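Here are the chains, one letter per residue:
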Amino acid sequence: MKFPKIKEFHITPIAVVDPPLLNAAGLHAPYALRTVVELITEDGISGVSEIPGNIEIDKALEKSRQFVIGQDPFQLNQIRDILAANFDSEDTIKRGDTPWDQRTLVHIFSSIEVACLDIVGKIVNRPVVDLLGGKRRDRVPFSAYLFYKYEGAGGELGFGTDPNATGWDAARQASALNPTEIVAQAKAMCKEFGFQSIKLKGGVFEPRQEVDAIFALHEAFGKDTPLRIDPNALWTVETSIKYGKEMEGIIEYLEDPCRGQENMAAVRKALKTPLATNMCTTSFEDIPKSYSLGAEDIILSDHHFWGGLQDSMKLAAICQTFGRDLSMHSNSHLGISLAAMVHLGAAIPNFKYALDTHYPWQSDEIIVGGRMKFEDGAVTVPTGPGLGVELDRVALAKLHENYKKCGLTKRNDEIEMQKVQPHWKFKATRW
Ligand SMILES: O=C([O-])[C@@H](O)[C@@H](O)[C@H](O)[C@@H](O)C(=O)[O-]
Ligand SMILES: [Mg+2]
């Protein structure tokens, strides 16, 4: 049987409305950047994927086009090898100090692999989850993801608000700068999406205030709602142990309290609470040291940063072997990424912790049918062939226009923060 080859490779940077969320690296811009990749075969089958937007990665994707055109989308190993041979390899250092991964090749692998799996699924008429070994669950639970934030909606509104918004749309605009406002945000988000566990993005205010917010959430939601906090490695070892001990029994895990595998291992020895990471063990080459030091209990995978869905399944197997749990990290994203996350979430073994998603913070969408639905905090695994989502070309064109107009070319939360607080500086460790 002759399979169609990849004939077209489209790279579309888009800018997605994003509210003024605060984090350890600064402030989100009014638009979050994403890049949508579409591969089309000789016989017109389209496969799509979505990755974080960054002009350097887009340029590298352009370079990768010559190696991908003419390939058989089933031959992912060959595609991976050709790309690896034509790009510089990147060690973990290239990941950078930011809460998100700055490497190029992992993003390229991910975007091409997911789009190829979408095509393959359509050819064999099976959902992507079946290409990952099949479904272990029909519904994939996600956690509420709270952010400290300034008042505002983002996007064309700048950091203004829409007075006509209601429900979660109104709550999404509200400021959240103290424990009371964080609890209000949590209630509105859980009411709208039905989330049953809650993560607070920390690293914004001094630890006392953030830990107080965790206690306020515990009081408001009770012991049956698992909580987590993620200061994105801004705490010292001493601070992590001090506040980690205070929150013992209150949080289900502590995410990246401090920086580096050695420091995480020291904190882990001092606490009973499990530690999770998307900052200290972030690539396959980090695993041996993670194991020898005992750096964390849970690895927060992210198919955009681990080279795609199949490599994320390899990570799942490694986690099982080395006694790590696996859950999922997220960044601002739309429905193509969410669909890929759900297929992966349905396939991974030992599903113990609800996955992260920024999806409630976004209001745009680029898939036909609009925003994906959450029921009791979970997304039902799409059953259609491939990713089970279809690109809305009109919406894509509109968000591409936003990209051209907004002037942003890569994420820099420090610069955004300096527009509000001119002397603010990113620090790798703050408290
Ligand atoms: O969106 C944000 O501001 C987050 O801080 C994100 O960039 C992180 O990568 C992430 O969600 C995390 O868990 O570290
Ligand atoms: Mg994190």
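Residues numbered from 1 in each chain as written. Chains lettered and ligands numbered in written order. Predicted model: local features only at pLDDT ≥ 70, side-chain atom pairs only at ≥ 80, totals over all residues.

Threshold: UniProt positions are given in the numbering used here, feature names are shortened, and annotations may be inferred rather than shown by experiment.
Looking at an unreviewed UniProt entry, the protein chain carries the name glucarate dehydratase, with the source organism given as Lacihabitans soyangensis. Database annotation for the protein chain, UniProt heading Pathway (unreviewed entry): "Carbohydrate acid metabolism; D-glucarate degradation; 2,5-dioxopentanoate from D-glucarate: step 1/2." As its UniProt record puts it under Cofactor (unreviewed entry), the protein chain is described as follows: "Mg(2+)".

Side note on the pairing of strand β7 (residues 144–147)
Under the convention used in this document: Buried residues are those with 20 or more other C-beta atoms within 10 Å of their own C-beta, exposed residues have 12 or fewer, and partly exposed residues lie in between; C-beta atoms are placed from the backbone. Secondary structure is summarised from DSSP: a helix means a run of H or I of at least four residues, a strand means a run of E of at least two, and numbering begins at the N terminus for each. Any two strands with at least two DSSP-identified bridges between them are counted as paired.
Burial along β7 is two-sided: the face carrying A144 and L146 and the face carrying Y145 and F147 are both buried. Here β7 pairs with strand β8 (residues 198–201) via four bridges, running parallel. Along β8, the bridge assignment pairs A144 with I198.

Side note on the UniProt feature "domain: Mandelate racemase/muconate lactonizing enzyme C-terminal" (unreviewed entry) in the protein chain
UniProt annotation of "domain: Mandelate racemase/muconate lactonizing enzyme C-terminal" (unreviewed entry) refers to residues 179–274 when read in the numbering used here. Helix makes up 52% of residues 179–274 and strand makes up 14%, while its end C-alpha atoms are separated by 24 Å.

Brief notes about the pairing of strand β12 (residues 298–301)
Test applied: By convention a crossover is right-handed if, when the strands point away from the viewer, the path from the first strand over the helix to the second runs clockwise.
Because side chains alternate across β12, one face comprises the buried residues I298 and L300, and the other comprises I299 and S301, equally buried. Where strand β11 (residues 275–277) lies against β12, two bridges are found, and the strand directions are parallel. In the strand pairing of β12, A276 is matched with I298. By the bridge criterion, four bridges tie β12 to strand β13 (residues 325–328) in an arrangement that is parallel. Residue pairing across strands places S301 opposite M328, the latter belonging to β13. Crossover handedness for the path β12 to helix α11 (residues 309–321) to β13: right-handed.

Here we look at the sheet that holds β11
Condition: Helix axes use the C-alpha atoms of the stretch in contact, all axes being lines fitted to C-alpha atoms, and the angles between their N-to-C directions lie in the range 0 to 180 degrees. Note on contacts: residues are paired as contacts if their backbone-placed C-beta atoms lie within 7 Å.
Spatially, the seven strands line up as an open sheet ordered β7-β8-β9-β10-β11-β12-β13, and their pairing is parallel. Looking at strand neighbours, the two that pair on one side only are β7 and β13, the edges of this open sheet. Between one strand axis and the next, the sheet turns by 25° as a mean value, whatever way the strands run. Relative to strand β10 (residues 251–255), strand β9 (residues 227–230) runs parallel, the two being bridged by three bridges. Across the sheet, the residue bridging to R228 is Y253, located in β10. Of the strands in this sheet, β7 and β8 touch helix α6 (residues 179–193), which is tilted by about 150° from β7.

Focus on the packing of helix α8 (residues 237–246) against helix α9 (residues 261–270)
Put simply, the test is: Roughly parallel here means an angle under 35 degrees, roughly antiparallel means over 145, roughly perpendicular means 65 to 115, and every remaining angle is called oblique. Here a crossing is called left-handed whenever its near helix is offset anticlockwise from the far helix by less than a right angle, and right-handed whenever the offset is clockwise.
At their nearest, the axes of α8 and α9 sit 9 Å apart, and the two run at 30° to each other. Considered as vectors, α8 and α9 are oriented roughly parallel to each other. Of the two possible hands of crossing, α8 and α9 adopt the one that is right-handed. Two secondary-structure elements touch here, α8 through V237, S240, I241 and G244 and α9 through N263, A266, V267 and A270.

Here's the deal with the site of ligand 1
In plain terms, the rule: We call a residue near a molecule or strand when the C-beta position, derived from backbone atoms, sits within 6 Å of it. Residues were grouped as follows: Ala, Val, Leu, Ile, Met, Phe, Trp, Tyr, Cys and Pro as nonpolar; Asp, Glu, Lys and Arg as charged; and all remaining residues, including Gly, as polar. Start and end positions for the domains come from either an automated domain assignment or a database one.
The immediate surroundings of ligand 1 are formed by L21, N23, P99, W100, K201, D230, N232, N278, H329, S330, N331 and S332. Looking at side-chain class alone, the shell around ligand 1 contains three nonpolar, seven polar and two charged residues. Counting only domains with at least three residues in the shell around ligand 1, you end up with domain 1 (6–126 + 392–406) and domain 2 (131–380).

Re the UniProt feature "active site" (unreviewed entry) in the protein chain
According to UniProt, the "active site" (unreviewed entry) feature falls on K201 and H329. The annotated residues occupy 129 residues of the chain but converge on a single region, no pair of C-alpha atoms lying more than 11.9 Å apart. With sequence-adjacent residues up to four places away left out, K201 is seen in contact with N23, Y145, L146, F147 and D230. Along the chain, H329 turns up in the loop between β13 and α12 (335–347). If we skip the residues at most four places from it in the chain, H329 touches N278, L300, S301, D302 and D356.

Examining unusual backbone geometry
For N232, which is not a glycine, the phi torsion comes out positive at approximately 50°. Looking at where N232 falls in the secondary structure, it is placed in the loop between β9 and α8. Given 24 C-beta atoms within 10 Å, N232 falls into the buried group. Look at A233: it is not a glycine, yet its phi comes out positive at around 70°.

A look at α12
Note the threshold: By this rule the span expected of a helix is its residue count minus one, scaled by 1.5 Å.
Here α12 contains 13 residues, and its C-alpha end-to-end distance of 18 Å stays within 8% of the 18 Å for a straight helix at 1.5 Å per residue. By the criterion of burial, α12 is predominantly enclosed, with 13 of the 13 residues buried.

Observations regarding the domain arrangement of the protein chain
Where interface size is given, it is often the accessible area lost as the parts come together that is meant. Domain boundaries in the protein chain define domain 1 (6–126 + 392–406) and domain 2 (131–380). The distance between the C-alpha centroids of domain 1 and domain 2 comes to 22 Å. Taken together, the 40 residues of domain 1 in the interface contact 47 residues of domain 2. For the side of domain 1 that touches domain 2, the elements supplying multiple residues, two or more each, are β1 (6–17), β2 (22–23), β4 (31–41), β5 (46–52), α3 (105–124) and α13 (393–406). The element best represented in the side of domain 1 that touches domain 2 is α3, accounting for nine residues. In the side of domain 1 that touches domain 2, the residues fall into 25 nonpolar, six polar and nine charged.

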